[in-house]
Amino acid sequence: LEAAAEGFSTVSELADEIFRHTGLPHRLAHTVVAHCVTKALEAGMVATDMTAEVVEEVAQETLGQSLGLSEDQVRHALDPGAFVESHDVTGGPASKEVGRMVEARRARLAEEQERQVGRRNRLETAAAKLDQVTDAMV
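Residues numbered from 1 in each chain as written. Predicted model: local features only at pLDDT ≥ 70, side-chain atom pairs only at ≥ 80, totals over all residues. Heavy atoms only, no water.

Asker: Explain the overall build of the protein chain residue by residue, including any values.
Answerer: Each helix and strand in the protein chain was counted, giving seven helices and zero strands. Compactness check: the protein chain gives a C-alpha radius of gyration of 28 Å against a globular reference of 14 Å for 138 residues, more than 25% above the reference. If you line up the protein chain on its principal axes, its C-alpha atoms span 95 × 30 × 25 Å. Considering only intrachain contacts with a sequence separation of at least 6, the fraction spanning at least 24 residues in the protein chain is 51%. Summed over all atoms, the accessible surface of the protein chain reaches about 9000 Å², with 56% contributed by carbon and sulfur. Within the protein chain, the 24 negative side-chain charges are centred at a point lying 14 Å from the centre of the 14 positive side-chain charges. (Helix = DSSP H or I, 4+ residues; strand = E, 2+ residues; numbered from the N terminus. Rg over C-alpha atoms; globule rule 2.2 N^0.38 Å. Contact = heavy atoms within 4.5 Å. Areas by Shrake-Rupley, 256 points an atom, 1.4 Å probe, with all protein chains shown as cover. Lys, Arg positive; Asp, Glu negative; His and termini not counted. Charge placed at Lys NZ, Arg CZ, Asp CG, Glu CD.)

Here it is as C-alpha coordinates:
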(Lines give C-alpha, C1' and ligand atoms only; values in the text may rest on other atoms or scores of the structure.)
Protein backbone atom coordinates (compact mmCIF):
# COMPACT_ATOMS: atom_id res chain seq x y z
CA LEU A 1 0.00 0.00 0.00
CA GLU A 2 2.84 2.34 0.85
CA ALA A 3 4.56 1.69 -2.48
CA ALA A 4 1.28 2.22 -4.33
CA ALA A 5 0.64 5.45 -2.45
CA GLU A 6 4.12 6.80 -3.14
CA GLY A 7 4.22 5.68 -6.77
CA PHE A 8 2.32 7.50 -9.44
CA SER A 9 0.03 4.64 -10.42
CA THR A 10 -3.15 6.56 -9.55
CA VAL A 11 -2.42 9.80 -11.38
CA SER A 12 -4.85 8.86 -14.15
CA GLU A 13 -7.57 9.26 -11.50
CA LEU A 14 -6.27 12.78 -10.84
CA ALA A 15 -6.70 13.54 -14.54
CA ASP A 16 -10.22 12.13 -14.37
CA GLU A 17 -10.96 14.29 -11.32
CA ILE A 18 -9.74 17.36 -13.20
CA PHE A 19 -12.02 16.43 -16.09
CA ARG A 20 -15.02 15.85 -13.79
CA HIS A 21 -14.44 19.02 -11.78
CA THR A 22 -13.58 21.42 -14.59
CA GLY A 23 -14.87 19.87 -17.81
CA LEU A 24 -11.36 20.31 -19.22
CA PRO A 25 -10.79 17.86 -22.10
CA HIS A 26 -9.08 14.64 -21.06
CA ARG A 27 -6.08 15.42 -23.23
CA LEU A 28 -5.45 18.68 -21.37
CA ALA A 29 -6.18 17.13 -17.97
CA HIS A 30 -3.61 14.42 -18.70
CA THR A 31 -1.14 17.08 -19.89
CA VAL A 32 -1.47 18.90 -16.57
CA VAL A 33 -1.02 15.66 -14.64
CA ALA A 34 2.01 14.66 -16.72
CA HIS A 35 3.63 18.00 -15.91
CA CYS A 36 2.73 17.53 -12.23
CA VAL A 37 4.47 14.14 -12.19
CA THR A 38 7.52 15.55 -13.98
CA LYS A 39 7.72 18.43 -11.51
CA ALA A 40 7.29 16.06 -8.56
CA LEU A 41 9.98 13.67 -9.79
CA GLU A 42 12.40 16.53 -10.48
CA ALA A 43 11.82 17.76 -6.91
CA GLY A 44 12.35 14.27 -5.49
CA MET A 45 8.73 14.03 -4.43
CA VAL A 46 6.49 10.96 -4.32
CA ALA A 47 2.81 10.93 -5.17
CA THR A 48 1.81 11.46 -1.53
CA ASP A 49 3.70 14.77 -1.63
CA MET A 50 1.47 16.06 -4.44
CA THR A 51 -0.81 18.86 -3.28
CA ALA A 52 -3.57 20.96 -4.73
CA GLU A 53 -1.08 23.81 -4.68
CA VAL A 54 1.30 21.88 -6.96
CA VAL A 55 -1.56 21.03 -9.32
CA GLU A 56 -2.65 24.68 -9.39
CA GLU A 57 0.90 25.90 -10.09
CA VAL A 58 1.26 23.47 -12.97
CA ALA A 59 -2.18 24.32 -14.35
CA GLN A 60 -1.26 28.02 -14.34
CA GLU A 61 2.09 27.29 -16.03
CA THR A 62 0.64 24.83 -18.54
CA LEU A 63 -2.82 26.19 -19.29
CA GLY A 64 -2.73 29.69 -17.87
CA GLN A 65 -5.78 28.95 -15.74
CA SER A 66 -6.78 27.73 -12.31
CA LEU A 67 -8.49 24.39 -11.84
CA GLY A 68 -9.92 25.01 -8.38
CA LEU A 69 -9.29 21.51 -7.02
CA SER A 70 -9.38 21.17 -3.26
CA GLU A 71 -6.74 19.38 -1.24
CA ASP A 72 -9.32 16.66 -0.48
CA GLN A 73 -10.00 16.10 -4.18
CA VAL A 74 -6.29 15.70 -4.92
CA ARG A 75 -5.74 13.40 -1.92
CA HIS A 76 -8.77 11.26 -2.79
CA ALA A 77 -7.73 10.99 -6.46
CA LEU A 78 -4.24 9.82 -5.48
CA ASP A 79 -5.39 7.40 -2.75
CA PRO A 80 -4.74 3.84 -4.00
CA GLY A 81 -7.53 2.36 -1.87
CA ALA A 82 -10.08 4.84 -3.19
CA PHE A 83 -8.75 4.27 -6.71
CA VAL A 84 -9.28 0.51 -6.49
CA GLU A 85 -12.75 0.81 -4.95
CA SER A 86 -13.86 3.33 -7.57
CA HIS A 87 -13.17 0.78 -10.31
CA ASP A 88 -16.16 -1.43 -9.57
CA VAL A 89 -16.93 -2.35 -13.16
CA THR A 90 -17.16 -5.93 -14.38
CA GLY A 91 -13.68 -7.41 -14.10
CA GLY A 92 -12.43 -4.42 -12.10
CA PRO A 93 -10.31 -4.50 -8.95
CA ALA A 94 -12.91 -3.20 -6.45
CA SER A 95 -13.42 -5.57 -3.52
CA LYS A 96 -17.12 -6.05 -4.29
CA GLU A 97 -16.35 -7.06 -7.89
CA VAL A 98 -13.44 -9.29 -6.88
CA GLY A 99 -15.73 -11.00 -4.37
CA ARG A 100 -18.35 -11.53 -7.08
CA MET A 101 -15.75 -13.01 -9.42
CA VAL A 102 -14.38 -15.32 -6.71
CA GLU A 103 -17.87 -16.61 -5.92
CA ALA A 104 -18.59 -17.15 -9.63
CA ARG A 105 -15.34 -19.08 -10.03
CA ARG A 106 -16.06 -21.17 -6.94
CA ALA A 107 -19.49 -22.06 -8.31
CA ARG A 108 -17.93 -22.96 -11.67
CA LEU A 109 -15.26 -25.03 -9.92
CA ALA A 110 -17.94 -26.94 -7.98
CA GLU A 111 -19.79 -27.66 -11.25
CA GLU A 112 -16.59 -28.86 -12.92
CA GLN A 113 -15.71 -31.05 -9.94
CA GLU A 114 -19.18 -32.64 -10.11
CA ARG A 115 -18.76 -33.24 -13.83
CA GLN A 116 -15.35 -34.80 -13.16
CA VAL A 117 -16.84 -37.17 -10.57
CA GLY A 118 -19.40 -38.24 -13.18
CA ARG A 119 -16.66 -38.87 -15.73
CA ARG A 120 -14.66 -40.96 -13.27
CA ASN A 121 -17.74 -42.99 -12.37
CA ARG A 122 -18.46 -43.67 -16.05
CA LEU A 123 -14.82 -44.67 -16.64
CA GLU A 124 -14.86 -47.00 -13.63
CA THR A 125 -18.11 -48.59 -14.85
CA ALA A 126 -16.67 -49.02 -18.34
CA ALA A 127 -13.45 -50.51 -16.92
CA ALA A 128 -15.49 -52.96 -14.84
CA LYS A 129 -17.53 -54.00 -17.92
CA LEU A 130 -14.35 -54.38 -19.92
CA ASP A 131 -12.89 -56.59 -17.18
CA GLN A 132 -16.09 -58.72 -17.21
CA VAL A 133 -16.01 -59.14 -20.99
CA THR A 134 -12.29 -59.92 -20.93
CA ASP A 135 -12.76 -62.45 -18.12
CA ALA A 136 -15.58 -64.12 -20.06
CA MET A 137 -13.38 -64.42 -23.13
CA VAL A 138 -10.48 -65.95 -21.23
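Asker: Outline helix 7 (residues 95-137), listing residues and values.
Answerer: The α-helix advances 3.6 residues per turn, and as a result positions three or four apart in sequence lie on the same side. Its 43 residues place the ends of helix 7 62 Å apart at the C-alpha level, agreeing with the 63 Å of an ideal helix rising 1.5 Å per residue. Residues of helix 7 that are buried include every one of Glu97, Met101 and Gly118, and no others. (Expected span 1.5 Å × (residues − 1). Buried < 20%, exposed > 50% of the residue type's maximum accessible area, 1.4 Å probe, protein only.)

Asker: Residues and numbers for the nonpolar core, please.
Answerer: Counting 23 residues, the largest nonpolar core has Leu14, Ile18, Met50, Val55, Leu67 and Val74 as the members making the most contacts within it. Those elements that provide at least two residues to this core are helix 2 (11-22), helix 3 (26-42), helix 4 (52-63) and helix 5 (71-78). Leucine 14 has contacts with Val33, Val55, Leu69, Val74, Ala77 and Leu78, leaving out every residue within four places of it along the chain. (Core = buried A, V, L, I, M, F, W, Y, C linked by side-chain atoms within 4.5 Å.)

Asker: Describe the packing of helix 3 against helix 4, listing the residues and the values that go with them.
Answerer: Interaxial distance between helix 3 and helix 4 falls to 9 Å at its minimum, and their mutual angle equals 120 degrees. In terms of axis orientation, helix 3 runs oblique to helix 4. Helix-helix and strand crossings are classified by hand; for helix 3 and helix 4 the assignment is right-handed. For the pair formed by helix 3 and helix 4, the contact residues are Leu28, Thr31, Val32, His35, Cys36 and Lys39 on the first element and Val54, Val55, Glu57, Val58, Ala59, Glu61, Thr62 and Leu63 on the second. When its residues are assigned to classes, the contact of helix 3 with helix 4 shows eight nonpolar, three polar and three charged. (Axes fitted to C-alpha atoms, helices over the stretch in contact; angles between N-to-C directions. Parallel < 35°, antiparallel > 145°, perpendicular 65-115°, else oblique. Left-handed = near helix turned anticlockwise from the far one by under 90°. Nonpolar A, V, L, I, M, F, W, Y, C, P; charged D, E, K, R; others polar.)

Asker: Please provide a residue-by-residue account of the pattern of salt bridges, values included.
Answerer: Under the criterion given, the structure shown has nine salt bridges. For glutamate 61, the salt bridge is made with lysine 39, and the minimal N-O distance between the two is 3.5 Å. With glutamate 61 in helix 4 and lysine 39 in helix 3, the pair connects residues that are 22 residues apart, well separated along the chain. For glutamate 103, the salt bridge is made with arginine 106, and the minimal N-O distance between the two is 3.2 Å. Pair noted here: glutamate 103 and arginine 106 are both in helix 7, with a separation of three residues, about one helical turn. Residue glutamate 103 is classed as partly exposed on the basis of its relative accessible area of 47%. When salt bridges with common partners are traced through the structure, they connect Glu13, Glu17 and Arg20 into a single cluster. (Salt bridge = Lys/Arg side-chain N within 4 Å of Asp/Glu carboxyl O.)

None of this, on its own, says anything about what the molecule does.
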